[in-house]
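Topology and contacts: notes
One letter stands for each residue in the lines below.
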Amino acid sequence: MNFLKKYQHTWIIPIYGIFYLWAFQYLEQRNVKPHIIHMKLDDLIPFCEYFIVPYFLWFAYIAVTVIYFSFINKSKQEYYHLVFSLAVGMTTFLVVSYFYPNGQDLRPHLEGNSVFIQLVRYLYHIDTPTNILPSIHVFNSVACCIAVLKHKDFIHEKLVKISTFVLTILIILATVLLKQHTLVDVAAAFALNAICYQMFYNPHPARAKQPIRAFIK
């Protein structure tokens, strides 16, 4: 009971997670014609199967960051900054995908049987080239990176922050080098990150003292 009381602020994560997975599954399975997003600049970006490694590391990166700020970090305000940023970005993605069905046609024909190519084939099999705007891989990575860079209580602060920043860059590069996203998706994710940063990390002076409490109320 003490554990549940101590971490009652984390209830929003599983509840929202269930909602998000259900909504995403619905968007993936509905029968609508997507608007193809394609820029000429996208064709100039080469395909590189080796970036499948940081692309899949994204799942562990997001999970570890959320777990740290939920159960280890002592600042609930930093926790709320992160989870509200993620919630706003992911909900915006769902709304955009619902009202503006979208997709891309960048995926190449895969040749060879290296472990990296096989992993890309698996990715292409489980993830359709639809509902890509904005890129959640990019948005969540940047949101977690911001939370880590703003945090000051790591044991090896400089090492953690540099590693997080490098991993975030590699994940962002992976989204376009694996032909999972267009540059439009990446730019939209950055724009959404900028909005969330202003909402939660750089509030209006009138709300600067208690931004999260005011938001919850």
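Residues numbered from 1 in each chain as written. Predicted model: local features only at pLDDT ≥ 70, side-chain atom pairs only at ≥ 80, totals over all residues. Heavy atoms only, no water.

Now for the overall build of the protein. Broken down by element type, the protein carries ten helices and two strands. Secondary structure elements of the protein occur, N-terminal to C-terminal, as α-α-β-α-α-α-β-α-α-α-α-α. For the protein, whose C-alpha radius of gyration is 18 Å, the value lies close to the compact-globule estimate of 17 Å for 217 residues. Expressed as lengths along the three principal axes of its C-alpha atoms, the size of the protein is roughly 55 × 40 × 40 Å. Looking at the protein as a whole, 46% of its 217 residues qualify as buried. Looking at the protein alone, contacts between residues at least 24 apart form 85% of all its contacts between residues at least 6 apart. Counting every atom, the protein has about 12700 Å² of accessible surface; 68% of that belongs to carbon and sulfur. (Helix = DSSP H or I, 4+ residues; strand = E, 2+ residues; numbered from the N terminus. Rg over C-alpha atoms; globule rule 2.2 N^0.38 Å. Buried < 20%, exposed > 50% of the residue type's maximum accessible area, 1.4 Å probe, protein only. Contact = heavy atoms within 4.5 Å. Areas by Shrake-Rupley, 256 points an atom, 1.4 Å probe, with all protein chains shown as cover.)

Looking now at the side chain of Thr 65. With respect to the secondary-structure elements, Thr 65 resides in helix α4 (residues 52–72). What Thr 65 contacts, discounting residues up to four positions off in sequence, is Leu 82, Cys 144 and Val 148.

To continue, consider α4. Counted at 1.5 Å a residue, the expected span for α4 with its 21 residues is 30 Å, and the 30 Å between its end C-alpha atoms agrees. Burial in α4 covers these residues: Ile 52, Pro 54, Tyr 55, Trp 58, Tyr 61, Ile 62, Thr 65, Val 66, Tyr 68, Phe 69 and Ser 70. (Expected span 1.5 Å × (residues − 1).)

Now for unusual backbone geometry. What you tend to see is this: most non-glycine residues have negative phi, and most peptide bonds are trans. Here the residue pair Leu 133 and Pro 134 is connected by a cis peptide bond, since its omega of -10 degrees sits within 30 degrees of zero. If you trace the backbone, Pro 134 turns up in the loop between α6 (115–126) and α7 (136–150). With a phi close to 55 degrees, Asn 131 is a non-glycine residue in the positive phi region. The class for Asn 131 is buried, based on a relative accessible area of 7%. For Lys 179, which is not a glycine, the phi torsion comes out positive at approximately 60 degrees. Structurally, Lys 179 is set in the loop between α8 (157–177) and α9 (183–200).

The next subject is the environment of Glu 78. Inspection of the secondary structure assignment puts Glu 78 in helix α5 (residues 76–99). Through-space distance from the C-alpha of Glu 78 to that of Lys 150 is 8.6 Å; in sequence the pair is 72 residues apart. A distance of 2.7 Å separates the side chain of Glu 78 from the side chain of His 151, its partner in a polar contact. (Polar contact = N/O pair within 3.5 Å; in protein donor to acceptor, adjacent residues only side chain to side chain.)

Relative to the helices and strands, Val 120 is located in helix α6. With 58 residues separating them along the chain, Val 120 and Leu 178 place their C-alpha atoms 7.8 Å apart.

All we've got here are geometric facts, nothing functional implied.
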